[in-house]
Amino acid sequence: MRIGIAGITGRVGRLLVEEVQAAGATLSGGTTRKPEAASGLPQGVALFKDMAELAANSDVVIDFTHADTVIPNAQALAAAGTAWVLGTTGLSAEQQTAVNKAAEKIAVVHAANYSPGVTLVQRLAQMMARALPADSYDAEIVEMHHRQKVDAPSGTALAIGEAVAQGRGVNLADVRESGRDGHTGPRKEGAIGFAALRGGQIVGEHEVLFTSADEQIVLGHRAFDRRIFATGAVRAAKWVKGHKPGLYSMEDVLGLPPL
Ligand SMILES: NC(=O)C1=CN([C@@H]2O[C@H](COP(=O)(O)OP(=O)(O)OC[C@H]3O[C@@H](n4cnc5c(N)ncnc54)[C@H](OP(=O)(O)O)[C@@H]3O)[C@@H](O)[C@H]2O)C=CC1
Ligand SMILES: O=C(O)C1=N[C@H](C(=O)O)C[C@H](O)C1
């Protein structure tokens, strides 16, 4: 199968080149706005001028770029009938709608975090939220990433928050509290709080905390190397080929039963 990489010169993109080749798949090539930055790629890696050209030459495109590319990429991939493994985070509601619309035409795997460990943390967080009453247990999510990260809270933190909200049977948008500052007043019962730390070259750290008056449960994940994301995305790319159009998750790729 032919796998294309959007953002091929990026921090994850470069690792995807290695992992696609290690998986024995054919690397069709990639896209970059800066061909001069591609000098560090292995010899012979094809660079396409845009997503339309990359999609036309690929069975699946793995995309770790930037939220600004999501709408044009969705349109180009749907037009080409090419499956999409999307890792980009920081999407607006409009950009997420474009992903959902593309999934009417092509198979899309969309995950804020392609590490199996985080996928399990999300599942466990949902189970914990079901078991621990919101009026006694305060849920907070803390994440830390490298100083270059451009979006906050992380997509993974938001996905964990979504899992807690689902476990509680509420809409995250109604209970989310991000970035407390100033005279905030007491914590609202049932809120799901987020804190985003940035510094150094931290690859990706997440904790979800359930705190009551009498105990605290902390569930955490630390990524030591971005390669965990690249291997997960390649696993998703090999899984998605041949699937009918639709929006799939890393839980589907891992074959986790519905909760
Ligand atoms: N789902 C997951 O498991 C993971 C998701 N991510 C997410 O993937 C995305 C990329 O992360 P990372 O590889 O660290 O980021 P980088 O900035 O290192 O790479 C992103 C690449 O996208 C390209 N790009 C294309 N269009 C744009 C644009 N309009 N603005 C900015 N860049 C653009 C850039 O390449 P060029 O300039 O050459 O065109 C850039 O190299 C982020 O959203 C991040 O949160 C990161 C790790 C894991
Ligand atoms: O930008 C990153 O680096 C990462 N972003 C993803 C996110 O926003 O959750 C996944 C991972 O934590 C690394």
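Residues numbered from 1 in each chain as written. Chains lettered and ligands numbered in written order. Predicted model: local features only at pLDDT ≥ 70, side-chain atom pairs only at ≥ 80, totals over all residues. Heavy atoms only, no water.

Visitor: Any details on the overall build of the protein chain? Residues and values, ideally.
Guide: Per the secondary structure count, the protein chain includes 9 helices and 12 strands. Based on the C-alpha atoms only, the size of the protein chain along its principal axes is roughly 60 × 40 × 30 Å. Evaluated residue by residue, the protein chain yields a buried proportion of 49% over its 259 residues. Of the roughly 12400 Å² of accessible surface on the protein chain, a fraction of 51% belongs to carbon and sulfur atoms. Positive and negative charge centroids in the protein chain, built from 25 and 27 side chains respectively, lie 6 Å apart. (Helix = DSSP H or I, 4+ residues; strand = E, 2+ residues; numbered from the N terminus. Buried < 20%, exposed > 50% of the residue type's maximum accessible area, 1.4 Å probe, protein only. Areas by Shrake-Rupley, 256 points an atom, 1.4 Å probe, with all protein chains shown as cover. Lys, Arg positive; Asp, Glu negative; His and termini not counted. Charge placed at Lys NZ, Arg CZ, Asp CG, Glu CD.)

Visitor: Pulling in residues and values, what's your account of the sheet that holds strand 1 (residues 2–6)?
Guide: If you trace the 7 strands from one edge of the open sheet to the other, you get 3-2-1-4-5-6-12, paired in parallel fashion. The two strands at the open ends of the sheet, each matched to only one other strand, are strand 3 (47–48) and strand 12 (246–248). Note: strand 4 (residues 60–63) against strand 5 (residues 83–86), 4 bridges, orientation parallel. When the bridges of strand 5 are listed, Val-61 appears paired with Trp-84. Packed onto the sheet, helix 3 (residues 70–80) meets strand 4 and strand 5 and runs at close to 155° relative to strand 5. (Pairing = 2+ DSSP bridges. Contact = heavy atoms within 4.5 Å. Axes fitted to C-alpha atoms, helices over the stretch in contact; angles between N-to-C directions.)

Visitor: Residues and numbers for the site of ligand 1, please.
Guide: Lining the immediate surroundings of ligand 1 are 23 residues, of which Thr-32, Arg-33, Lys-34, Thr-89 and Tyr-114 lie closest. Contacts to ligand 1 include Arg-33, whose backbone N or O atom sits 2.7 Å from an oxygen atom. Here an oxygen atom of ligand 1 sits 2.6 Å away from a polar atom, N or O, in the side chain of Lys-34. Surface burial for ligand 1 is 83%, taken as the share of its 910 Å² of free accessible area covered by protein chains. According to the grid-proximity analysis, the pocket containing ligand 1 is the largest pocket. (Near = heavy atom within 4 Å. Polar contact = N/O pair within 3.5 Å; in protein donor to acceptor, adjacent residues only side chain to side chain. 1 Å grid on protein atoms, 1.4 Å probe; cavity = no way out; pocket = protein on both sides within 12 Å on 5 of 7 lines; lining within 4 Å. Sits in = over half its atoms within 2 Å of the grid points.)

Visitor: Report on the UniProt feature "binding site: NADP(+)" (unreviewed entry) in the protein chain, specifying residues and quantitative values.
Guide: In the UniProt entry, the feature "binding site: NADP(+)" (unreviewed entry) is given for Lys-34. For Lys-34, the position within the fold is in the loop between strand 2 (26–31) and strand 3. (UniProt positions renumbered as here; feature names shortened; annotations may be inferred.)

Visitor: Which residues make up the site of ligand 2, and what values go with them?
Guide: With respect to spatial proximity, the complete set of residues near ligand 2 consists of Thr-89, Ala-112, Asn-113, His-145, His-146, Lys-149, Ser-154, Gly-155, Thr-156, Val-203, His-206 and Phe-229. His-145 places a polar side-chain atom, nitrogen or oxygen, 2.6 Å from an oxygen atom of ligand 2. Here an oxygen atom of ligand 2 and a side-chain polar atom of Thr-156 are 2.5 Å apart. Considering ligand 2 on its own, with 330 Å² of exposed area, one finds that the protein chains cover 86% of that surface. In this structure the site holding ligand 2 corresponds to the largest pocket. The residue inventory of the shell around ligand 2, partitioned by class, reads 3 nonpolar, 8 polar and 1 charged. When residues of the shell around ligand 2 are sorted by domain, at least three fall in each of domain 1 (1–112 + 224–252) and domain 2 (114–221). (Nonpolar A, V, L, I, M, F, W, Y, C, P; charged D, E, K, R; others polar. Domains from an automatic or database assignment.)

Visitor: Outline the domain arrangement of the protein chain, listing residues and values.
Guide: The domains assigned to the protein chain are domain 1 (1–112 + 224–252) and domain 2 (114–221). Taken together, the contact pairs 22 residues of domain 1 with 14 residues of domain 2. Buried surface at the junction of domain 1 and domain 2, summed over both partners, amounts to about 1400 Å²; 60% is from carbon and sulfur atoms. One can count 1 salt bridge joining domain 1 with domain 2. Taken together, the connections running from domain 1 to domain 2 amount to 7 residue pairs in polar contact (both at pLDDT 80 or more). Of all elements in the fold, only strand 5, strand 6 (107–110), helix 8 (227–240) and helix 9 (250–254) reach the threshold of two or more residues within the side of domain 1 that touches domain 2. The greatest single-element share of the side of domain 1 that touches domain 2, amounting to 5 residues, is contributed by helix 8. Taken together, the residues of the side of domain 1 that touches domain 2 break down into 12 nonpolar, 6 polar and 4 charged. (Buried area = accessible area lost by both parts, 1.4 Å probe. Salt bridge = Lys/Arg side-chain N within 4 Å of Asp/Glu carboxyl O.)

Visitor: Now, about the nonpolar core: what can you tell me, with residues and values included?
Guide: Core analysis: the largest hydrophobic core is formed by 31 residues, its most contacted members being Leu-16, Val-20, Ile-62, Val-85, Val-109 and Tyr-114. Contributing elements (two or more residues each) for this core: strand 1, helix 1 (11–22), strand 4, strand 5, strand 6, helix 8 and helix 9. Contact partners of Ile-62, with chain neighbours within four places excluded, come to Ile-3, Gly-4, Ile-5, Ala-6, Leu-16, Val-20, Val-85, Ala-233, Val-234 and Ala-237. (Core = buried A, V, L, I, M, F, W, Y, C linked by side-chain atoms within 4.5 Å.)

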